[in-house]
Amino acid sequence: MRLWTAESWFESTRGNEAVSGKQSAVSGEGRRGPLTAHRSPLTVPRSPSPNPLPGLYFRAIAMAQISLSRSQMLLLSGSANRALAEEVAEHLGQPLCQVTLRRFADGELFVKIDENVRGRDVYIIQPTNPPAENIIELLLLMDAARRASAARVTPVIPYFGYARQDRKDQPRVAISAKLMANMVTRAGADRVLAMDFHQHQLQGFFDLPVDHLYAAPAFVNHYRQKQLHDPVVVAPDVGSAKMARGFAKRLNASLAIIDKRRPSANVAEVLNVVGEVEGRDCLIPDDMIDTAGTMSEAVHALKRLGARKVYCCATHALLSGPAVERLNNAPIEELAVTNTIAIPPERQFGKLRILSVAGLLAKAIGYTHSDQSVSSLFD
């Protein structure tokens, strides 16, 4: 069976027209002689038309325009960090799609996308920090977009929650990071955009492409402007040594490592500092600050060893429990964090500096939408 397109139909029509004209001329001469001899004087010969069906041609052009519009970008946002989503949309020059989010009487979430998403390239901006409704809201938005025939669904997850349980290190514990990745995959994601996973191997937990972004460029630009004195980047633990080495390379600083042990969750004890910190400005980078136990202990240890000034930075500011009190009492010059998580006013304090990663997320979304290399952002 032949699949007919507008072009092949046009060509076949013109070809049939030419062939039928030749056949009619030959048959006319054979039976009745030349056609001109029998043509009526009132008959006006029709001039050949270069486009026999202009209506169908214009309809084909309209269909081509419709197919191009299917790849248009569409930005959605949940309620977890609306301010960040609005800033990303402003960088991209795109409005946020209207979404209805409300609760039933028993507290269940209701999600509805109020605009047409058929054939669109949909990006859903939603961190999954506690409460757990944030991850449920993201899954519902993804399912709604998929069932509305979106061409591609990409969750943009500035902070990927439930990532600290990434292996079975004790009997009878869950691997929550893998479970969250499975839920995102099964909800209909085509790829994932995320920033600073707790562990980089989480990328392998997803059975789909993952673009892993880093907030390091924002912090490096921030601390270059401060002109630190003989700087040293201090890794808060052995697992953070690779990240600290990257900061040290970009800031032209040396490297130190804190040797600590963690007797229980959210409890850290500093045992030793490997490296020279006396009389120097120290920078402690980390991927997140939860209760600030590790950070505050590290700051006190560096000060005891004669550090000149201590700066701290972290991508995700959870600031749970006594975090604000601990950081206020710690001898730090400044704590720089990003806006991947919305920080309520009551959790903000004088030493806190919030850097925006909206521009970085916007570039990553734009590169993904246009099928360009996202890794070029960090070259």
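Preceding this section is the structure that the text describes.
Residues numbered from 1 in each chain as written. Predicted model: local features only at pLDDT ≥ 70, side-chain atom pairs only at ≥ 80, totals over all residues. Heavy atoms only, no water.

1. Here we look at the pairing of strand β11 (residues 281-289)
Most of β11 is tucked away: nine of the nine residues are buried. Of the strand pairs in this sheet, strand β8 (residues 232-235) and β11 are connected by two bridges, and their pairing is parallel. In the sheet register, Val233 faces β11, and the bridge partner there is Leu283. For β11 and strand β12 (residues 309-317), the ladder comprises eight bridges, and the chain directions are parallel. In the sheet register, Cys282 faces β12, and the bridge partner there is Val310. (Buried < 20%, exposed > 50% of the residue type's maximum accessible area, 1.4 Å probe, protein only. Helix = DSSP H or I, 4+ residues; strand = E, 2+ residues; numbered from the N terminus. Pairing = 2+ DSSP bridges.)

2. Things to note about the sheet that holds strand β6 (residues 192-195)
Read from one edge of the open sheet, five strands run β1-β4-β5-β6-β7, paired in parallel fashion. Edge positions in the sheet fall to β1 (73-77) and β7 (210-213), since each of these pairs with one other strand and no more. Going from strand to strand, the sheet's axes swing by 20 degrees on average, the running direction of each strand aside. Direction of pairing for strand β5 (residues 152-157) relative to β6: parallel, over a ladder of two bridges. When the sheet's bridge partners are listed, Val156 is paired in β6 with Leu193. Sheet contacts for helix α4 (residues 82-92): β1 and β4 (121-125); angle to β1, the most-contacted strand, approximately 160 degrees. (Axes fitted to C-alpha atoms, helices over the stretch in contact; angles between N-to-C directions. Contact = heavy atoms within 4.5 Å.)

3. Re the pairing of strand β2 (residues 99-103)
Summarising the sheet, β2 and strand β3 (residues 109-113) pair through five bridges and their orientation is antiparallel. Across the sheet, the residue bridging to Thr100 is Lys112, located in β3. The hairpin turn running from β2 into β3, its antiparallel successor, is five residues long, and Gly107 in that turn takes a positive phi close to 100 degrees.

4. Here's the deal with the nonpolar core
Within the largest apolar cluster, 40 residues are counted, with the highest numbers of intra-cluster contacts made by Val88, Phe219, Tyr223, Leu361 and Ile365. For this core, the element with the most residues is helix α11 (residues 358-369), which contributes six residues. Setting aside chain neighbours within four positions, we find Ile365 in contact with Met73, Leu75, Val88, Leu92, Tyr123, Ile125, Val156 and Leu193. Leu74, Val122, Val153 and Val192 belong to the second-largest nonpolar core, a separate cluster that totals 34 residues. (Core = buried A, V, L, I, M, F, W, Y, C linked by side-chain atoms within 4.5 Å.)

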